[in-house]
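# Structural features, examined
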Amino acid sequence: SKIRNIGIMAHIDAGKTTTTERMLFYSGYINKMGDIDSGNTVMDYLPTEIERGITVQSAAISFNWDNTQINLIDTPGHVDFTIEVERALRVLDGAVAIFDGSRGVEAQSRMVWLQADGHNIPRLAYINKMDKTEANFAASVDSLKRQLKANTLILQLPVFQANQFVGVIDLITMERIEWDMQVVSPNQNGRNCTIHKLTNKDKEWETSLSAKSSIIEQLADKFDEVAIQWLEGEYAGDAELFPSTELKKWIRHGTIDRTFVPVLCGSSYKNVGIQPLLNAVVDYLPQPSDIQHPFLRYYDNTLLAMAFKVLHDKRLGSIIFVRVYSGTLESGRKLYNVNKGKEEKVLRLMTVYADEYKDTKVIKAGNIGVISGFQSTVTGDTLLESKQALEAAVAKANLISKDTVDNKTDNSPVVLTAVRIPEPVFFCSVEVYSPTQEKGNILGYPVMGADVRILTARAKRGCPSGLITASAVKCTREALDKASCDLLEPMMQIEISTRGENLMQKILGDLAKRHAKISDISTTDNDGNMKILAEAPVSEMKGYASSLRSSTSGNADLSLHPSGYKVVTQERKLQLKRKISGT
C-alpha cells in the first residue's frame, strides 16, 4: 500500500491546523469541520491549545486519500515549541510548508524551513489565505526565493473573479478549478467545485501556457531526459501537448531529491484548494521506500524502529511514539533497546488519531505507532527485535567497511541518529591567562585582534620573570593607549511581526530603551499587522523575548539572529562607562 509520512509546518497563524482540519474533512475522516476560534479542531485538543488558539505540541493522525495512507503530523508554529518540530521532522519523509499569502516568509517559517533543511526533508509550499485583500501570490513566491533560497516550481496560479479568490489553475493539466463562493452554504464546505479544461479561447490561456512552458524549461535544465523530449521529442516545444504524466514523474523526481519546491495556493479557511493540495502530496512527496536511509542496509527486513517522542497520557501512562523503518512491530513482543542495552515488552500497540489511540496487532514498515508498557525508553532510542539483530547489523557494517575501496571506514550509523535536543547552557568558560586580555585599555574590555610584538628587551642576569612580564604588560598598555583602538560590541538582528492589534508604540518604546536602531517598518495588511526590522546590542536583548510576549499579550512574534560587531559610538561608550561604574 502507498504511504506518505508528512508534516505540516509554518509560522504561527499561517493556517496549519485549519488546513489539516480540511484535509481530514475531505478525506472522510470527520463529518464536520471544526475551527480554531471555537476550540473544536481535531488536532488542537490540549486545554492550552484551545484557550490560546495555537498549536503547542505536535499531533499525529492517519487518513486515506486516493488509495494512499497519509500519516500526518501537525507541528507548532510558535518559537517556544521548536523542539516539537525537531522531533517530528526526524521521522518524516516529506512536509507541506504553509505561508500566509499576505505576508510571505515570516520569522518562524524561516526557522522551521532551516530545520527541514537539516533533515533533508522534501517539501511542498502552500501559499494560504489567498482570499485576503492584501494577499500577493507573486510576492510570496519571491520571498521564498530570496529569504529561503528555494528553487520554486510554480504548479498553480490563483483565479480571481470580481477581486474575489475563487480557485486555482492547474498548470500541469491546464484546468481551471473553481469553487462557487456565492451559494448560501459556501461551496458545500468546499466539496463542490467545477473543473474547466482551458482552451485558447479562455482569457487565462496565454498566461497559463507560458507558465507551463516555464515548468518544462525548469525541468529540462535539471534532467537530460526532459531536455531531449522538449527539444527533439514528439512534443518538442509544444507545452500544450506535453504529457502531464511525464511532467508529474519528473516533478516528483525533483521534489524527492530536493531540486525543486513545488508551489501551490489556496484559502483553507474558505475551503478553496485543499483537494489539489492533497493530490500534490500523493503525486510529489515520497513514500518511505523512496528515502534511502543508509542504516537500512545493515538490517535487511528485521525490525528497526525509533522512539521519537515520549508522552504521559492520563489513561495510558507513559506512551512512546515510534517510527518503524523496517520489519514489522507486533503487539506483545519484546524489543531490544540498543541505547539502554535492555529488553522491554510491548504491552499495547496502538495507532494514533490526535488524542485518541486504537489498539492494533501490527505496525508495518514506514508507519508511525504508539507503544505502552515501556519504562526505560526515551526520545531518540533505537529499538530492534533482539540483541542478536544488533550483533548481526554490527557484523554486516564491519564487513562493508572492510570491503570499502581504499579501506575507508563506513560512516553510516548502525544506531539511528537521535533527535537533536539542545544542551542546557551553563555560563562558564576557561581561558588561557593573558595579561593583555584580562583588561584592555578601553573600559577594561578584553583586547582582540591585536598583534603585539616585543622588538627589544633588556634585563639583568637573575631578573625575576614576573618583572619581565609586568614590563611587557606596561609597554603593551602604553602602545594600546597611543594606538587608534575602537570598542566593539556584538549586535543582534531583530525581526518582529505583530498580529491583530496596534502594538507599535509599546514595541518601539521598548526597543528605544534597548538602544535598537530601526531599519524598516512595513504594513502587512489592513488589520494593523506590522513587521519591524531592527538591530540592537546583544547585551541589551537579555530577557527581551519574555518582555515582548508580556507587553503584547502574546500578539507579536520575534526572531533574533547575530549580525556581527559594530564600533561603539562615543555616547554609547559613556553609557557603558556609567553602567560599569554604577553611576
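All figures in this text were calculated on a predicted structure; none of them were measured in a lab. (Residues numbered from 1 in each chain as written. Predicted model: local features only at pLDDT ≥ 70, side-chain atom pairs only at ≥ 80, totals over all residues. Heavy atoms only, no water.)

### Overview of the packing of aromatic side chains
Heads up, the condition is: Each pair of aromatic rings taken from Phe, Tyr and Trp, with Trp reduced to its six-membered ring, is defined by centres within 6.5 Å and is described as stacked if the planes are under 30 degrees apart, edge-to-face if over 60, and tilted in the remaining cases. Comment: elements are numbered from the N terminus, with helices defined as DSSP H or I runs of at least four residues and strands as E runs of at least two. Summary of the burial criterion: residues with accessible area below 20% of their type's maximum are buried, those above 50% are exposed, and those between are partly exposed, where the area comes from a 1.4 Å probe applied to protein chains only. By definition, being over a ring means that NZ of Lys or CZ of Arg is both within 6 Å of the ring centre and within 35 degrees of the ring normal.
According to the stated counting rule, one finds 8 aromatic pairs in the structure shown. On the numbers, 6.1 Å between centres and 65° between planes, the contact of Phe308 with Phe321 is edge-to-face. Residue Phe308 is found in strand S12 (residues 304-313), and its partner Phe321 is found in strand S13 (residues 317-326); the two are separated by 13 residues along the sequence. By relative accessible area, Phe308 is classed as buried at 3%. Above the ring of Phe321, the side-chain terminus of Lys309 is found at 5.6 Å from the ring centroid.

### Examining the packing of helix H6 (residues 205-222) against helix H8 (residues 244-256)
Helix-helix packing is described using two parameters, namely the angle between the two axes and the distance between the axes. Using the following cut-off: Structural elements are reduced to axes, namely lines fitted to C-alpha atoms, with helices fitted over the stretch in contact, and the angle between N-to-C directions of any two is expressed from 0 to 180 degrees. Any angle that falls under 35 degrees is termed roughly parallel, while one over 145 is termed roughly antiparallel, one within 65 to 115 roughly perpendicular, and all others oblique. Whether a crossing is left-handed or right-handed is set by the direction in which the near helix is turned from the far one by less than a right angle, anticlockwise for left-handed and clockwise for right-handed. Note on contacts: a residue pair is in contact if any heavy atoms of the two residues lie within 4.5 Å. Just so you know the grouping, Ala, Val, Leu, Ile, Met, Phe, Trp, Tyr, Cys and Pro go in nonpolar, Asp, Glu, Lys and Arg go in charged, and all remaining residues, Gly too, go in polar.
The contact between H6 and H8 brings their axes to 11 Å, and the two run at 50°. The angle between the axes of H6 and H8 places the two elements in the oblique class. In the crossing of H6 with H8, the sense of the turn from one axis to the other is left-handed. Residues Lys212, Ile215, Ile216 and Leu219 of H6 pack against Leu247, Trp250 and Ile251 of H8. In terms of residue class, the contact of H6 with H8 is built from 6 nonpolar, no polar and 1 charged.

### Section: the pairing of strand S1 (residues 2-10)
Quick reminder of the rule: Pairing between strands is defined by DSSP: at least two bridges between the two strands are required.
Most of S1 is tucked away: 8 of the 9 residues are buried. Looking at chain direction, S1 and strand S3 (residues 68-74) are connected through 7 bridges and run parallel. Across the sheet, Arg4 pairs through a bridge with Ile70, a residue of S3. For S1 and strand S4 (residues 94-100), the ladder comprises 5 bridges, and the chain directions are parallel. Directly across from Ile8, in S4, lies its bridge partner Val96.

### Considering the pattern of salt bridges
The cut-off we apply is this: Definition used for salt bridges: Asp or Glu carboxyl oxygen within 4 Å of a side-chain nitrogen of Lys or Arg.
Using the criterion set out here, one finds 21 salt bridges in the structure. A salt bridge links Glu204 to Arg176; its shortest N-O distance comes to 3.0 Å. Here Arg176 lies in strand S9 (residues 175-178) and Glu204 lies in the loop between strand S10 (194-197) and H6, a separation of 28 residues in the sequence. In this pair, the class of Glu204 matches that of Arg176, namely buried. With a shortest N-O distance of 2.9 Å, Arg348 and Asp359 are connected by a salt bridge. Remark: Asp359 occurs in strand S18 (residues 356-359) and Arg348 occurs in strand S17 (residues 348-353); sequence separation between them is 11 residues. According to the relative accessible area criterion, Arg348 is partly exposed, its value standing at 31%.

### Quick look at the side chain of Thr19
What counts here: As used in this structure description, the phrase polar contact means that two N or O atoms lie within 3.5 Å; if the pair is within protein, one of them must be able to donate a hydrogen and the other to accept it, and residues adjacent in sequence are counted only when both atoms belong to side chains.
Structurally, Thr19 can be placed in helix H1 (residues 16-27). Within the local environment of Thr19, its side chain forms a polar contact with the backbone oxygen of Gly15, the two atoms lying 2.6 Å apart. Among all residues touching Thr19, those that are not within four sequence positions of it are Ile98, Tyr126, Asn128, Ser268, Ile274 and Leu277.

### Focus on a nonpolar patch on the surface
Rules: Two joining distances apply to patches: 9 Å for like charges and 5 Å for nonpolar side chains (Val, Leu, Ile, Met, Phe, Trp, Tyr), and every residue must have over 30% relative accessible area and no salt bridge. For every accessible area listed, the method is Shrake-Rupley and the probe measures 1.4 Å; residues are considered covered only by the protein chains on display.
Taken together, the side chains of Leu488, Tyr565 and Val567 define a hydrophobic patch exposed on the protein surface, amounting to about 340 Å² of accessible area. Among the secondary structure elements, Tyr565 is positioned in strand S25 (residues 556-567). Take Tyr565: its relative accessible area is 57%, and that puts it in the exposed class.

### Digging into the sheet that holds strand S23 (residues 517-523)
Overall, antiparallel pairing links the 4 strands, which are arranged S23-S24-S22-S25 in an open sheet. Edge strands, defined here as strands with exactly one partner in the open sheet, are S23 and S25. Mean inter-strand twist for the sheet, computed between neighbouring axes without regard to direction, equals 15°. In the sheet, S23 pairs with strand S24 (residues 530-537) via 6 bridges, with the strands oriented antiparallel. Its bridge partner being in S24, Ser522 is matched across the sheet by Lys531.

### A look at the confidence of the model for the protein chain
What counts, and what does not: pLDDT measures how confident the predictor is about each residue, on a scale from 0 to 100.
With 84% of its residues at a pLDDT of 70 or more, the protein chain has an overall mean of 83. When the criterion is pLDDT under 50, residues 77-81 qualifies, and its contacts beyond four places in sequence or with other chains add up to 16 contacts. Scored below 50 in pLDDT, residues 422-433 makes 2 contacts in the model with residues more than four places away or belonging to other chains.

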